[in-house]
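Close look at the chain arrangement
Spelled out from the first residue to the last, the chains are:
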Amino acid sequence: MVKKAKSSKTHAKTKKKPLNNSRKGTNQESSDNTAELEHERLISLINSMADGVIATDEAGRIVITNGAALSILDSNASLSGKSVFSILNLIDARNQELDLKDIVFSTKVSTTSRDWRIRYADGSIVRVYISIAPVRLGYGKGGMQGYVILIRDITREKSLEEERDEFISVVSHELRTPIAISEGNIGNAVFLFEKSGVDNPMVEKTLKQAHEQITFLAGMVNDLATLSRAERGKLTLEIEKINAHELVEEIIESYAKDAEAKSLALTSELDPHLELLESSKLYTKEVLQNFVTNAIKYTEDGSVTIGAHQGQDGIEFFVRDTGIGISKSDREKVFDKFFRSEDYRTRANSGTGLGLYVTMKLSRLLHADIELESKLDVGSTFKIYIPNIKS
Ligand code: ADP
């Protein structure tokens, strides 16, 4: 079929041109044919794509659309020459209209979103993945500047994601209370057994193992609950005045036992002139606790230090350890969901790989910046700069 189309087009072209048997003429014809063939290939490729493709000129006038784009835009007529800004009515998650013109014209490399929606004339809404990128349409001098907009209907995907998050949220919330009660009771049993003076290593070991596992489970359920709320945008900030000095001392007190169990020194290094920090105490504490839990978990000898320095408009906290350290390649991944290093010393400790992911989510909520410095076999320092948020 392609062959046939090619020969008929060649014929049409030669008819229009004056007869020319020179080499130059033949070359010109063959390059025209190649260009046309390339064009046809491109069009059939674009048409076979499941994502909607809209290419516009510099001013946002539509030059190319594929079938999927027409279907997403709910149109069966050609949209060529029309302004994409008058056709694509985008709104954000709060139903606020978006200025597509502004978004497109301010895009330098690419803009993508999974949170926008298209609103149709009849008021119905479809959730979409959109990617906008400036491109050069065509080659050489004739190639004009323009934009390519890719659109995918992700309504179903989004509602499945929401159902999943809702499920995780409900389950983790329901599990929290029984797990907390079990953890308390098993902790008491360990304590009472130690006090009783009974010599039964078997019972002691069993109780301690049960306590370790239930503590791990409690941490995991807590991370899952925070995570699902963060992903559903359900976390809200309650801003209060935080005494950073007291906060760090509170954390040191609650982790003293864990550090002692591993013979680690747990100390603080605090700026004497710390001002009150205006932020969420709950999340600031959770972030620091995550850093300290890891620091103790991944350190066999030496110390863990929690510190705070006064900054221009906030406080920089840090947690430094003399532990196993994190390799350069792992440093880029530690904040990813479920990431755990392959290092056997990491695997010797239980973990979910959710702690730092949750920490990153919370830090965004706090408008905070996280920095990580680490050297394998020397230790790691996690820093977080938390700015004041005026309530
Ligand atoms: P986990 O439950 O595995 O501790 P996290 O998300 O808290 O999950 O951490 C992700 C990974 O980052 C860990 O598995 C470990 O490989 C690495 N990591 C985090 N903190 C430290 C640290 N202080 N020292 C060495 N490695 C760390």
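On a predicted model such as this, the values are computed, not experimentally measured, just so you know.

This next bit is on the overall build of the protein chain. A count of helical and extended segments in the protein chain gives 12 helices and 13 strands. For 391 residues, the compact-globule formula gives about 21 Å, and the C-alpha radius of gyration of the protein chain, at 30 Å, lies well above that figure. Once the C-alpha set of the protein chain is aligned to its principal axes, its extents read approximately 110 × 50 × 45 Å. Buried positions account for 37% of the 391 residues belonging to the protein chain. Considering only contacts in the protein chain between residues 6 or more positions apart, those separated by 24 or more positions represent 60%. About 23,400 Å² of surface is accessible on the protein chain, with carbon and sulfur atoms providing 53% of the total. Computing the positive centroid from 52 side-chain charges and the negative centroid from 57, the protein chain places the two 12 Å apart.

So, about a nonpolar patch on the surface. Taken together, the side chains of F167, V171 and L175 present a nonpolar region at the surface, about 270 Å² in accessible area. If you trace the backbone, L175 turns up in helix α6 (residues 155-196).

Before going further, it helps to examine helix α8 (residues 244-261). With 18 residues, α8 ought to run about 26 Å at 1.5 Å a step, and its terminal C-alpha atoms sit 26 Å apart, in line with that. Where α8 bends most, at Y255, the angle is about 50°. Looking at α8, one finds that the buried residues are A244, L247, V248, I251, I252, Y255 and A259. Of the surrounding secondary structure, the elements contacted by the buried residues of α8 are β7 (239-242), β8 (265-270), α9 (281-297), β10 (303-310) and β11 (314-321). At the N-terminal boundary of α8, the capping side chain belongs to N243, with an oxygen 3.1 Å from the backbone nitrogen of H245. Residue S263 follows α8 closely and has a positive phi angle near 55°.

Our next topic: the site of the ligand. Lining the immediate environment of the ligand, one finds 21 residues, of which N294, Y298, R340, T352 and L356 sit closest. In this structure, an oxygen atom belonging to the ligand sits 3.1 Å away from a main-chain N or O atom of S341. Here the ligand, which alone exposes 530 Å², has 97% of that area covered by the protein. At the level of elements, α9, α12 (355-365) and β13 (379-387) are the ones that each hand at least two residues to the shell around the ligand.

Attention shifts here to the sheet that holds β11. Spatially, 5 strands are ordered β8-β10-β11-β13-β12 in an open sheet, and the strand pairing comes out mixed. Bordering the open sheet on either side are β8 and β12 (369-375), each of which pairs with just one other strand. Neighbour-to-neighbour, the strand axes of this sheet turn through a mean angle of 15°, independent of strand direction. Here 7 bridges tie β10 to β11, and the two strands are oriented antiparallel to one another. Counted as the bridge partner of V304 is D321 from β11. Together, β8, β10 and β11 form the strand contacts of α8, whose direction differs from that of β8 by roughly 170°. The strands that α9 touches are β10, β11, β12 and β13; relative to β11, the one it contacts most, it runs at about 15°.

We now examine α6. With 42 residues, α6 extends 60 Å from end C-alpha to end C-alpha; this agrees with the ideal 62 Å at 1.5 Å per step. Residue R176 marks the point of greatest curvature in α6, where the axis turns by about 30°; the proline P178 follows within four residues. All of the buried residues in α6 are K158, D165, S169, S172, I179, V190 and F193.

This part is about the domain arrangement of the protein chain. Domain boundaries in the protein chain define domain 1 (49-153), domain 2 (156-234) and domain 3 (237-391). Placing the centre of domain 1 and that of domain 2 at their C-alpha centroids yields a distance of 46 Å.

This model, assessed by the stated rule, comprises 4 aromatic pairs. Residues F291 and F382 carry aromatic rings whose centres are separated by 5.0 Å and whose planes lie at 25° to one another, so their mutual orientation is stacked. Placement of F291 in helix α9 and of F382 in strand β13 is noted, with a sequence separation of 91 residues between them. Each of the two residues, F291 as well as F382, counts as buried. Ring centres of F335 and F382 lie 6.3 Å apart, and the angle between their planes is 75°; this geometry places the pair in the edge-to-face category. Note that F335 is positioned in the loop between α10 (328-331) and α11 (344-347) and F382 in strand β13, a separation of 47 residues in sequence. A relative accessible area of 15% means that F335 is categorised as buried. Taking relative accessible area as the criterion, F382 reaches 6% and is therefore assigned buried. The rings of F85, F105 and Y147 are connected pair by pair, giving a single aromatic cluster.

Cut-offs used in this document
Residues numbered from 1 in each chain as written. Predicted model: local features only at pLDDT ≥ 70, side-chain atom pairs only at ≥ 80, totals over all residues. Heavy atoms only, no water. Helix = DSSP H or I, 4+ residues; strand = E, 2+ residues; numbered from the N terminus. Rg over C-alpha atoms; globule rule 2.2 N^0.38 Å. Buried < 20%, exposed > 50% of the residue type's maximum accessible area, 1.4 Å probe, protein only. Contact = heavy atoms within 4.5 Å. Areas by Shrake-Rupley, 256 points an atom, 1.4 Å probe, with all protein chains shown as cover. Lys, Arg positive; Asp, Glu negative; His and termini not counted. Charge placed at Lys NZ, Arg CZ, Asp CG, Glu CD. Patch = residues over 30% accessible without salt bridge, like charges linked within 9 Å, V, L, I, M, F, W, Y side chains within 5 Å. Salt bridge = Lys/Arg side-chain N within 4 Å of Asp/Glu carboxyl O. Expected span 1.5 Å × (residues − 1). Bend = angle between axes of the 7 residues up to and from the residue. Polar contact = N/O pair within 3.5 Å; in protein donor to acceptor, adjacent residues only side chain to side chain. Near = heavy atom within 4 Å. Pairing = 2+ DSSP bridges. Axes fitted to C-alpha atoms, helices over the stretch in contact; angles between N-to-C directions. Domains from an automatic or database assignment. Phe/Tyr/Trp six-rings, centres within 6.5 Å; stacked < 30°, edge-to-face > 60°.

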